[in-house]
Amino acid sequence: MSTVTDSALNTDTAREEGAVPALSAMLAGLPERQGFGDATLIRLAEGSIDLGGGNPDTALLPTAVYRDAATAVAHSDSFPNLLRYSASAGLSSFRAAIANRDQVDAERVIVSNGGAHGLALAVLGLLDPGDTVVVDDPVYPLFLRVLELVGVNIVAIPVTHDGIDVDLLAERLRDGLRPKALFTVPTFQNPSGVTLSTEKSAALVELAERYGFTIIADDPYREITFPETVIPDRPRLRDSDRVVAVNSFSKTLGPGLRLGWLTVPEAFSASFTKLRNRLDGQTNGVLQATVERMLADERYPTAMATAGEGYARKAQVLTTHLRDKFGDRVEVADPTGGFFVWARLLGDFDDARLFDTAQDLGVSYQRGEWFAAGSEQFRGFVRLAFSEQSSDNLREGVNRLAGAWQAVLAS
Ligand SMILES: Cc1ncc(COP(=O)(O)O)c(C=O)c1O
């Protein structure tokens, strides 16, 4: 029988011989500081304004609907049952509610602990080391971090005014490119804010079907729609068995909830459930039941519309003030939804110095180069989040950014 002392001795001996690695090669090999999402690179002193994060405005979250739903669930007869282990793919009634909203079969829905978890499941479920993956450029950088878990070749395809450049992709495919998957954010893309058109989405799915790759469509901003905006209907993103859709309630109900879902092709449903089961078993049943009630609450659509109006007002304050302060020295499009403005500041300046100086003056944001997936470095670009800050803070944040920009231009 082995005693504690024996095993400690064994471990010591093994360590001396270098036989006990502390971390897996995958984990030990992950790069350290990478910019986006890296808190060590951001200095947020007291009183500084953060235009960097992707948080919703808590005042625009439907907290009353949430409280009522949580209370009703806690007092329901099914509450004790919700505290038990439950199905890895999610509670069947919740999956059905999501399937109903997304116009897909409930079997295809797999509940996740938020969008990032869904992306990890998609990557682990679809990709092998050495595969080639096409991504938006600029890209949502945390997807690249998930890809690092597997180790793949990345091919960047530019995002144009209506989504990823499908014509260029077709050309590259004709020339022999053979990706296993393609990643895109189809609605209010992070960071550029653009939305994939119906025509392009159909052409993209046709390419996926012809060349045999899977589209990972990551769509967490779909419900953050400004009042005049109509999201194009993209039936092929729903009905093709070449699409894995990843979604999240983080932007509409709050990222602290950790709740999202995948819609996978029917043929993948059992395999993805198996993968999910091995990673973390299940999503919190109380939470699923609560959000199910929220989705059925008649106040929910109104709450979403109100949030859309609020975000539209904030976006307008930010773009108007940017144009006031920078004049023809800024290139910026008006967002139609989502949380971000993707702006290009003109002039000959060093992006790293601008970021440093801006933080000295009390404003933070995301640097353009952190969204680069290929050789284009997005010099001069900044991603400014309007979602969380008040109008006053948005104006003051732009004032500080303009002050920093003047300072680095002058030096
Ligand atoms: C494009 C995109 N995908 C996924 C996520 C992850 O969302 P979650 O908080 O649900 O993990 C985000 C969050 O910012 C995002 O912008």
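The rules behind these values
- Residues numbered from 1 in each chain as written.
- Predicted model: local features only at pLDDT ≥ 70, side-chain atom pairs only at ≥ 80, totals over all residues.
- Helix = DSSP H or I, 4+ residues; strand = E, 2+ residues; numbered from the N terminus.
- Rg over C-alpha atoms; globule rule 2.2 N^0.38 Å.
- Buried ≥ 20, exposed ≤ 12 C-beta atoms within 10 Å, placed from the backbone.
- Contact = placed C-beta atoms within 7 Å.
- Near = placed C-beta within 6 Å.
- Nonpolar A, V, L, I, M, F, W, Y, C, P; charged D, E, K, R; others polar.
- Expected span 1.5 Å × (residues − 1).
- Core = buried A, V, L, I, M, F, W, Y, C linked by C-beta atoms within 7 Å.
- Domains from an automatic or database assignment.
- Pairing = 2+ DSSP bridges.
- Axes fitted to C-alpha atoms, helices over the stretch in contact; angles between N-to-C directions.

1. Observations regarding the overall build of the protein
Okay, so step 1: Across its full length, the protein holds 16 helices and 14 strands.
Okay, so step 2: For the protein, the C-alpha radius of gyration of 23 Å lies close to 22 Å, the compact-globule estimate for 411 residues.
Okay, so step 3: With the principal axes as the frame, the protein shows a C-alpha extent of 75 × 65 × 50 Å.
Okay, so step 4: The burial tally for the protein puts 43% of its 411 residues in the buried class.
Okay, so step 5: Here the contacts in the protein between residues at least 6 apart in sequence split such that 76% fall between residues at least 24 apart.

2. Quick look at the site of the ligand
Okay, so step 1: Around the ligand sit 13 residues in total, of which Gly114, Gly115, Ala116, Ser248 and Ser250 are the nearest.
Okay, so step 2: Split into classes, the residues belonging to the shell around the ligand amount to five nonpolar, seven polar and one charged.

3. Concerning helix H13 (residues 285-296)
At 3.6 residues per turn, the α-helix brings residues three or four places apart onto the same side.
Okay, so step 1: Its twelve residues give H13 an end-to-end C-alpha distance of 17 Å, which sits within 8% of 16 Å, the value for a rise of 1.5 Å per residue.
Okay, so step 2: Across the twelve residues that make up H13, a large majority, nine, are buried.
Okay, so step 3: Residues of H13 that are buried: Gly285, Leu287, Gln288, Ala289, Thr290, Val291, Glu292, Arg293 and Met294.
Okay, so step 4: For H13, the secondary structure elements touched by its buried residues are helix H3 (63-75), helix H4 (79-82), helix H5 (92-102), strand E2 (109-112), helix H11 (250-253) and helix H14 (299-326).

4. Looking at the nonpolar core
Okay, so step 1: Among the nonpolar cores identified, the biggest contains 105 residues, and Ile216, Leu262 and Leu384 are the most heavily contacted of them.
Okay, so step 2: Here this core takes eight residues from H14, the largest share from any one element.
Okay, so step 3: Residue assignment places this core across two domains, with domain 1 (45-61 + 301-410) and domain 2 (63-299) each supplying three or more.
Okay, so step 4: Setting aside residues no more than four positions away along its own chain, Leu262 makes contact with Ile110, Ser112, Gly118, Leu121, Ala122, Val244, Ala245, Val246 and Phe272.

5. Notes on unusual backbone geometry
Negative phi characterises most residues that are not glycine, and trans characterises most peptide bonds.
Okay, so step 1: In this structure, Pro138 follows Asp137 across a cis peptide bond, with omega equal to 5°.
Okay, so step 2: Structurally, Pro138 can be placed in the loop between strand E3 (132-137) and helix H7 (141-147).
Okay, so step 3: Residue Pro191 is reached from Asn190 by a cis peptide bond, and omega for that bond is 15°.
Okay, so step 4: Relative to the helices and strands, Pro191 is located in the loop between strand E6 (181-184) and helix H9 (198-211).
Okay, so step 5: Positive phi, close to 55°, is recorded for Gln103, a residue that is not glycine.
Okay, so step 6: On the secondary structure map, Gln103 appears in the loop between H5 and E2.
Okay, so step 7: In this structure, Phe188 is a non-glycine residue whose phi angle is positive, near 45°.

6. Remarks on the sheet that holds strand E8 (residues 243-248)
Okay, so step 1: Spatially, eight strands are ordered E2-E9-E8-E7-E6-E3-E4-E5 in an open sheet, and the strand pairing comes out mixed. Sheet topology places E2 and strand E5 (163-164) at the edges, where each strand pairs with a single neighbour.
Okay, so step 2: Contacting E2, E6, strand E7 (214-218), E8 and strand E9 (260-263), helix H6 (residues 115-126) runs over the sheet at an angle of about 160° to E8.

7. Things to note about the environment of Thr357
Okay, so step 1: With respect to the element layout, Thr357 can be found in helix H15 (residues 351-360).
Okay, so step 2: Residues Thr357 and Arg379, 22 residues apart in the sequence, show an inter-C-alpha distance of 16 Å.

8. Structural notes on the pairing of strand E11 (residues 340-345)
Okay, so step 1: Most of E11 is tucked away: five of the six residues are buried.
Okay, so step 2: Here three bridges tie strand E10 (residues 330-332) to E11, and the two strands are oriented antiparallel to one another. Bridging across to E11, Glu331 finds its partner in Arg344.

9. So, the sheet that holds strand E14 (residues 381-385)
Okay, so step 1: Within the open sheet, the four strands sit side by side as E10-E11-E14-E13. Their pairing is antiparallel. Strands at the two margins of the open sheet, each flanked by one partner only, are E10 and strand E13 (366-367).
Okay, so step 2: Here two bridges tie E13 to E14, and the two strands are oriented antiparallel to one another. Bridge pairing in E14 places Arg367 opposite Val382.

10. Observations regarding the environment of Pro129
Okay, so step 1: Position of Pro129 among the secondary structure elements: in the loop between H6 and E3.
Okay, so step 2: Overall, the presence of 10 C-beta atoms within 10 Å leaves Pro129 in the exposed class.
Okay, so step 3: Spatially, the C-alpha atoms of Pro129 and Leu149 are 9.0 Å apart, while their sequence positions differ by 20 residues.
Okay, so step 4: Discounting residues that sit within four places of it in the chain, Pro129 has contacts with Val150 and Gly151.

11. Focus: the domain arrangement of the protein
Okay, so step 1: Each assigned domain of the protein is listed with its residue range as follows: domain 1 (45-61 + 301-410) and domain 2 (63-299).
Okay, so step 2: If you average the C-alpha positions of domain 1 and of domain 2, the two centres end up 26 Å apart.
Okay, so step 3: Contacts between the two partners involve 27 residues from domain 1 and, on the opposite side, 30 residues from domain 2.
Okay, so step 4: Looking at the side of domain 1 that touches domain 2, the elements that each hand over two or more residues are H14 and E11.
Okay, so step 5: The biggest single contributor to the side of domain 1 that touches domain 2 is H14, with eight residues.
Okay, so step 6: For the side of domain 1 that touches domain 2, the residue count by class is 17 nonpolar, seven polar and three charged.

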